[in-house]
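Coordinate analysis (summary)
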Number of protein chains: 2
Amino acid sequence: MSLIDNGPAAATAADPYDPVAFRQGLVEHGFILPTGVRGADGRSAKFEDLLQRFDKLVLREAVDDGAEEMHFPPIVARTLIERMGYLHNFPQLIGSTHSFFGKDMAALELAALADKGERWEHLLEPTETMLLPAACYPVYPLFSGLLPEGGRLITVCNWCYRHEPSDEPTRLQAFRQREYIRIGAPDAVEAWRDTWLQRGLALLRRLGLPADSDVASDPFFGRSGRMMAASQRDQRLKFEIVVPVISAEKPTAICSFNWHQDHFTAAFGIRRHDGEMAHTACLGFGLERVTLALIKTHGFDLAAWPAEVRTQLWG
Amino acid sequence: MSLIDNGPAAATAADPYDPVAFRQGLVEHGFILPTGVRGADGRSAKFEDLLQRFDKLVLREAVDDGAEEMHFPPIVARTLIERMGYLHNFPQLIGSTHSFFGKDMAALELAALADKGERWEHLLEPTETMLLPAACYPVYPLFSGLLPEGGRLITVCNWCYRHEPSDEPTRLQAFRQREYIRIGAPDAVEAWRDTWLQRGLALLRRLGLPADSDVASDPFFGRSGRMMAASQRDQRLKFEIVVPVISAEKPTAICSFNWHQDHFTAAFGIRRHDGEMAHTACLGFGLERVTLALIKTHGFDLAAWPAEVRTQLWG
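Residues numbered from 1 in each chain as written. Chains lettered and ligands numbered in written order. Predicted model: local features only at pLDDT ≥ 70, side-chain atom pairs only at ≥ 80, totals over all residues. Heavy atoms only, no water.

**Quick notes on the overall build of chain A**
Of the regular secondary structure elements, chain A holds 11 helices and 14 strands. Compactness check: chain A gives a C-alpha radius of gyration of 21 Å against a globular reference of 20 Å for 315 residues, within 12% of the reference. When the backbone C-alpha atoms are referred to their principal axes, chain A occupies close to 60 × 60 × 40 Å. Across the 315 residues of chain A, 55% fall into the buried class. The contacts of chain A with a sequence gap of at least 6 include a subset with a gap of at least 24, amounting to 69%. (Helix = DSSP H or I, 4+ residues; strand = E, 2+ residues; numbered from the N terminus. Rg over C-alpha atoms; globule rule 2.2 N^0.38 Å. Buried < 20%, exposed > 50% of the residue type's maximum accessible area, 1.4 Å probe, protein only. Contact = heavy atoms within 4.5 Å.)

Printed below as a string of structure tokens:
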């Protein structure tokens, strides 16, 4: 298609950031395998390889920090989501896992309803799990009690779920975050966050991405949520690194830095070695979004990417 | 603990396959990070490294087959699960994703209920997705229509969900399957399945696992399910490779081979290049289960594993 073969980005004369054309290009160039679920498409080998290569770059960047690596499944305890305050702040994004606990007669009813194309989900009950909304969540409860001197540094790369179906190719319901989580003294945690903000920006710019950072806020739900977002901005608790992917005016967040202060340490009783209050901060690269930003910036033909970018990813 | 330091397996005099002792050993030796959710614990770097090394061995074994690699998220279209017949066969295992679609007042009610420790899930509605129960499911709908001559061979490694919470360490709610999926002429598909059964057995035995294969059946639900399981056995449609992990008498399935005949090709209208009916078969290694079988067989101290096993995994 001329739209796509015309240049590195899926550009039209009208809007070089047209999300529909970008998505179409991702499909036609074999990066995305459409499943019919908005925000939950398949990834081709080519897409996944790129994503994994970027993840390795991040790990290499941080190797001297000696983070402890952990891995968690896409489901977590329902009680964890409740304790994190997530139901208050982001009820619109939750994924609650429900299953069937009935016997033969109810199972027949369920199957018969499904066969008729009628709804059958009222026959389900909630299970003990929910979908993981942020890669770092399972980490905090592991550290209830006293920390070692110097605190902890953890890294995870987990599948996250957020219920925000969209045709916009960077807005995913299921995606991976490479996160680092720092738990320790408030000043150490804040300094770590500041260091990583510069480090993340430098890493992404070396890959040729027109990345900028800015203070940001979470998509808190509803009317009271707008006040929470404003307060979060005022206190400069959240920063994002953004790159234009589907809009020049509203660039896409591909990395975020969150200073939770004592929000999670209070919830899970995490204290410093001397019993003093601990803080936490985390930073997360949205791995699919970084991959999409790279493709948007450098084009669908990987062989034609700038040599200095190729060397870092494939060198 | 003497129980655990006593030998390669978490053995007691009474029962060398005691699942409680094995799980305790996995935790104490830093393989498993307990989350409080049965069947959804965290994996340490050490566990994950072992799992990934085994997965690479499988990929290497199959490299000359030229399978196309695809990657899918842990959620899939609800309509896919409906069309696969999964609600009829395995309603007890499903994971249905529900979320909150309400406005401010309902959100306040939800949060208030959660704060009081009361149930709030009746305020949710089903979303368009469910959790993926088997790694191969998202593959079939991609091939509606005519296949190329010779058919297709695909490989995936996806997170799967099954609602069967258990303290038994090999019974997971969330786990990964490395699957190969063959779509083509009935005789080619059956021959491919037979070849892989021998290949899988040889691969696992080379790793020192006391692996055996046997005809098997799926855990079909309810009374009518027992007839389906018997028919599946009679037709020799399912084989499993099993290894003793938590019981000598009931060894654990770590790899399964499924010949679906025209079940999925009929559901998704997949035909051969000449318009004739196509068959499908798949095989899947349960990556966590293989990892657990290796640890059970060779012990908690990886450095003390037999040299010929270490060479294959770390060589």
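**Points about the interface of chain A and chain B**
Across the contact, 64 residues belong to chain A and 64 residues belong to chain B. Interface of chain A and chain B: buried area, both sides summed, is about 4900 Å²; carbon and sulfur atoms make up 67% of it. Counting across the chain A and chain B interface gives six salt bridges. Residues R119(B) and E82(A) are paired through a salt bridge, measuring 3.2 Å at the closest nitrogen-oxygen approach. Linking chain A to chain B there are 22 residue pairs in polar contact (both at pLDDT 80 or more). Each residue belonging to the side of chain A that touches chain B can be placed in one class, and the counts come to 33 nonpolar, 17 polar and 14 charged. Here two bridges tie strand 2 (residues 42-44) of chain A to strand 3 (residues 68-71) of chain B, and the two strands are oriented antiparallel to one another. Bridging from a neighbouring strand, S44(A) pairs with M70(B) of strand 3 of chain B. (Buried area = accessible area lost by both parts, 1.4 Å probe. Salt bridge = Lys/Arg side-chain N within 4 Å of Asp/Glu carboxyl O. Polar contact = N/O pair within 3.5 Å; in protein donor to acceptor, adjacent residues only side chain to side chain. Nonpolar A, V, L, I, M, F, W, Y, C, P; charged D, E, K, R; others polar. Pairing = 2+ DSSP bridges.)

**Looking at the nonpolar core**
In terms of nonpolar packing, the biggest core is built from 105 residues, with Y137(A) and Y137(B) touching the most fellow members. Contacts of Y137(B), omitting those with residues within four sequence positions, involve L80(B), I81(B), M84(B), Y86(B), L132(B) and F264(B). (Core = buried A, V, L, I, M, F, W, Y, C linked by side-chain atoms within 4.5 Å.)

**Some remarks on helix 7 (residues 186-206) of chain A**
Helical periodicity: at 3.6 residues per turn, an α-helix aligns residues three or four positions apart in one direction. Residues and elements named next belong to chain A. Its 21 residues give helix 7 an end-to-end C-alpha distance of 30 Å, which sits within 8% of 30 Å, the value for a rise of 1.5 Å per residue. Listing the buried residues of helix 7 in full gives V189, W192, R193, W196, L197, R199, G200, L201, L203 and L204. Positioned one or two residues after helix 7, G208 has a phi angle of 80°, which is positive. (Expected span 1.5 Å × (residues − 1).)

**Regarding the confidence of the model for chain A**
All names here are of chain A. Looking at chain A as a whole, its pLDDT mean stands at 95, while 96% of the residues score no less than 70. Note that pLDDT drops below 50 for residues 1-11; the model gives that stretch 25 contacts with residues more than four away or on any other chain. Quick note on the complex model: pTM equals 0.95, ipTM equals 0.94. (pLDDT = per-residue confidence, 0-100.)

**Considering the side chain of S247(A)**
Residues and elements named next belong to chain A. Tracing the sequence through the fold places S247 in the loop between strand 11 (238-243) and strand 12 (252-261). In this structure S247 comes out as buried when scored by relative accessible area, which is 13%. Within polar-contact distance, the side chain of S247 engages the backbone nitrogen of E249 at 3.2 Å. A distance of 2.8 Å separates the side chain of S247 from the backbone nitrogen of K250, its partner in a polar contact.

**Considerations on the relation of the copies chain A and chain B**
Mapping chain A onto chain B calls for a rotation angle of 180° and an axial translation of 0.0 Å; the resulting RMSD is 0.0 Å. Between the two chains, the operation in question is that of a two-fold axis. The rotation axis passes nearest to the C-alpha of T97(A) in chain A, at a distance of 2.5 Å. (Least-squares fit on C-alpha atoms with pLDDT ≥ 70 in both.)

**Quick notes on the pattern of salt bridges**
All names here are of chain A. Inspection of the entire model under this criterion finds 34 salt bridges over all chains. One salt bridge in this structure joins D41 and R23, with 2.6 Å as the shortest N-O distance. Linking D41 in the loop between strand 1 (32-33) and strand 2 with R23 in helix 2 (residues 19-28), this pair joins segments that are 18 residues apart in sequence. Via salt bridges that share partners, R43, E48, R176 and E288 belong to a single interconnected network.

**Some thoughts on the sheet that holds strand 5 (residues 96-99) of chain B**
Strands pair in a sheet through their backbones, by hydrogen bonds, and they do so in one of two ways: parallel or antiparallel. The six strands are arranged 4(A)-6(A)-5(A)-5(B)-6(B)-4(B) in an open sheet whose pairing can be described as antiparallel. Of all the strands in the sheet, just strand 4 (75-77) of chain A together with strand 4 (75-77) of chain B have a single pairing partner and so form its edges. Mean inter-strand twist for the sheet, computed between neighbouring axes without regard to direction, equals 50°. (Axes fitted to C-alpha atoms, helices over the stretch in contact; angles between N-to-C directions.)

**Section: the environment of M277(A)**
All names here are of chain A. Considering the arrangement of structural elements, one finds M277 in the loop between strand 13 (270-271) and strand 14 (279-286). M277 gets classed as partly exposed once you look at its relative accessible area, which sits at 44%. With 258 residues separating them in the primary sequence, M277 and P19 have C-alpha atoms 45 Å apart. M277 has contacts with P186, D262 and R272, leaving out every residue within four places of it along the chain.

**Brief notes about a positive patch on the surface**
On the surface, K56(A), R60(A), K56(B) and R60(B) cluster together into a patch of positive charge. Where the positive patch is concerned, the elements lending two or more residues are helix 3 (45-61) of chain A together with helix 3 (45-61) of chain B. Mapped onto the elements of the fold, K56(A) is located in helix 3. Taking relative accessible area as the criterion, K56(A) reaches 53% and is therefore assigned exposed. (Patch = residues over 30% accessible without salt bridge, like charges linked within 9 Å, V, L, I, M, F, W, Y side chains within 5 Å. Areas by Shrake-Rupley, 256 points an atom, 1.4 Å probe, with all protein chains shown as cover. Lys, Arg positive; Asp, Glu negative; His and termini not counted. Charge placed at Lys NZ, Arg CZ, Asp CG, Glu CD.)

**Side note on the sheet that holds strand 12 (residues 252-261) of chain B**
On the basis of which strands lie adjacent, the open sheet formed by nine strands has the order 1(A)-2(A)-3(B)-8(B)-9(B)-14(B)-12(B)-11(B)-10(B) and mixed pairing. The open sheet has two edge strands, strand 1 of chain A together with strand 10 (212-215) of chain B, and neither has a second partner. Sheet strands touched by helix 7 (residues 186-206) of chain B: strand 8 (152-161), strand 9 (174-184), strand 10, strand 11 (238-243), strand 12 and strand 14 (279-286) of chain B. Its angle to strand 14 of chain B, the strand with the most contacts, is close to 15°.

**Quick notes on the environment of D187(B)**
Residues and elements named next belong to chain B. Note that D187 resides in helix 7. Classification of D187 as exposed rests on a relative accessible area of 59%. When the C-alpha atoms of D187 and W120 are compared, they prove to be 52 Å apart, with 67 residues separating the residues in sequence.

**What to know about unusual backbone geometry**
Residue and element names in this part refer to chain A. Even without being a glycine, R236 presents a positive backbone phi close to 50°. Looking at where R236 falls in the secondary structure, it is placed in the loop between helix 8 (222-234) and strand 11. Relative accessible area serves as the criterion here: at 47%, R236 is assigned to the partly exposed category. For Q261, which is not glycine, the phi torsion reads 50° and is therefore positive. Mapped onto the fold, Q261 is located in strand 12. Looking at Q261, the relative accessible area reads 24%, which means it is partly exposed.

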